[in-house]
Each structure stands twice: as structure tokens, then as C-alpha cells.
Amino acid sequence: MDRLIEEYKDILNSDALSSDKYWALRKKIYENYKSPGVLARDVSRSNMFIILLGLLRDEAITMDDLDEFSDELKEDIKQYINEKAEKSAFSFSLLFYQPILLMLSKNQLSLNIKSMEQN
């Protein structure tokens with residue numbers, strides 16, 4: 001939060017027009033409003049996992065910052081992150097190879113149609 005306050009101060013202390021300062025500050029606050037660091041006011045056991053994942057994603061904290069948490073929680077977070085990375089890699093590979101697979105399936109289909117026409 002201190003970092004955000006400093007960013008807001010920089011906007012307000014800039015040499016820009018007052019209206020430009022206002023709109024820049026409004027935009028910055030709106031962007032930050034969605035950040036887990038800002039939303040983490042209601043920390044409870046039930047939403048702690050999601051908040052920690054968001055803070056890690058936003059690089060507000062690192063895994064080293066979780067040293068005092070239970071080994072079970074740290075392992076769950078690592079497992080979730082690894083699964084997410086694997087799914088992302090799988091999704092990327094699907095996106096990458098999908099046009100090739102589509103092209104191959106169309107070619108195979110056209111080959112089958114041609115062979116049927118010849119018979």
C-alpha cells in the first residue's frame with residue numbers, strides 16, 4: 001500500500017494539468033482496486049489461499065515470504081501453481097497446433113472424398 005500511495009503522490013505532484021492529474025489518479029486507483037494486495041482487507045482462513053495466490057501472481061510477495069506458513073499450505077500453493085503452469089502450457093500448445101491439426105483433418109477429409117469419387 002505504501003508503494004501505491006507513493007505512486008499516487010507522484011501523479012498529484014506532477015506538472016500536469018489538474019484535470020489530467022485527476023483522470024490519471026482515477027485510472028490508477030481503478031487499476032489498483034482489483035489488486036489482491038488492495039482487496040486483502042478481509043483476510044480469513046476461507047479466502048487466505050486465494051489472496052496468497054493473487055499476491056504471488058502480482059509479485060507483491062514471494063514464496064520466501066511464506067516461510068512462517070505451514071508446510072502443507074506452501075505445498076498446496078506450489079502444486080496449484082505447477083498445475084496452472086501445466087494447463088497454460090497445454091492450452092498454448094493447443095492454440096499453436098490447432099491450425100495444423102485443422103489443416104491435416106481437412107486434407108484427410110478431401111483425400112477421403114477424392115478416393116470415394118474415384119470409386
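Residues numbered from 1 in each chain as written. Predicted model: local features only at pLDDT ≥ 70, side-chain atom pairs only at ≥ 80, totals over all residues. Heavy atoms only, no water.

### Looking at the packing of aromatic side chains
- As enumerated under the stated definition, the model contains 2 aromatic pairs in all.
- Relative to tryptophan 23, the ring of tyrosine 22 has its centre 4.9 Å away and its plane inclined at 80°; by these criteria the two rings are edge-to-face.
- Arranged with centres 6.0 Å apart and planes meeting at 85°, the rings of phenylalanine 49 and tyrosine 80 form a pair that is edge-to-face. With phenylalanine 49 in helix α4 (residues 45-57) and tyrosine 80 in helix α5 (residues 71-118), this residue pair connects regions lying 31 residues apart in the sequence.
- Overall, the relative accessible area of 24% leaves phenylalanine 49 in the partly exposed class. (Phe/Tyr/Trp six-rings, centres within 6.5 Å; stacked < 30°, edge-to-face > 60°. Helix = DSSP H or I, 4+ residues; strand = E, 2+ residues; numbered from the N terminus. Buried < 20%, exposed > 50% of the residue type's maximum accessible area, 1.4 Å probe, protein only.)

### Examining helix α2 (residues 18-33)
- Helix length check: α2, at 16 residues, gives a terminal C-alpha distance of 22 Å against a target of 22 Å (1.5 Å per residue), a fit within 8%.
- What α2 keeps buried is the set Lys21, Leu25 and Asn32. Around the axis of α2, the buried residues are gathered within 35° of arc, so they sit on the same side. Exposed residues pointing more than 90 degrees away from the buried face of α2 are listed as Trp23, Lys27 and Tyr30. (Expected span 1.5 Å × (residues − 1). Arc of directions from axis to C-beta.)

### What about the nonpolar core?
- By size, the foremost hydrophobic cluster in this structure holds 9 residues: Ile51, Leu52, Leu53, Leu55, Leu56, Ile61, Leu66, Leu73 and Ile77.
- At the level of elements, α4 and α5 are the ones that each hand at least two residues to this core.
- Among the elements that line this core, the one with the most residues is α4, at 5 residues.
- In contact with leucine 56, not counting residues within four places along its chain, are Ile61, Thr62, Met63, Leu66, Ile77 and Ile81. (Core = buried A, V, L, I, M, F, W, Y, C linked by side-chain atoms within 4.5 Å. Contact = heavy atoms within 4.5 Å.)

### So, a negative patch on the surface
- On the surface, Asp64, Asp65, Asp67 and Glu68 cluster together into a negatively charged patch.
- Inspection of the secondary structure assignment puts aspartate 64 in the loop between α4 and α5. (Patch = residues over 30% accessible without salt bridge, like charges linked within 9 Å, V, L, I, M, F, W, Y side chains within 5 Å. Areas by Shrake-Rupley, 256 points an atom, 1.4 Å probe, with all protein chains shown as cover. Salt bridge = Lys/Arg side-chain N within 4 Å of Asp/Glu carboxyl O. Lys, Arg positive; Asp, Glu negative; His and termini not counted. Charge placed at Lys NZ, Arg CZ, Asp CG, Glu CD.)

### Focus: the pattern of salt bridges
- If you walk through the whole model with that rule in mind, you get 4 salt bridges.
- The partner of arginine 3 in a salt bridge is glutamate 7, and the shortest N-O contact between them spans 3.0 Å. With arginine 3 and glutamate 7 both in helix α1 (residues 2-12), this residue pair falls 4 residues apart, about one helical turn.
- For arginine 3, a relative accessible area of 58% corresponds to the exposed category.
- Put simply, lysine 74 and aspartate 71 hold a salt bridge, and the shortest N to O gap is 3.4 Å. Remark: aspartate 71 and lysine 74 occur in helix α5; sequence separation between them is 3 residues, near one turn of the helix.
- Classification of lysine 74 by relative accessible area gives buried; the value is 16%.
- Via salt bridges that share partners, Arg3, Glu7 and Lys28 belong to a single interconnected network.

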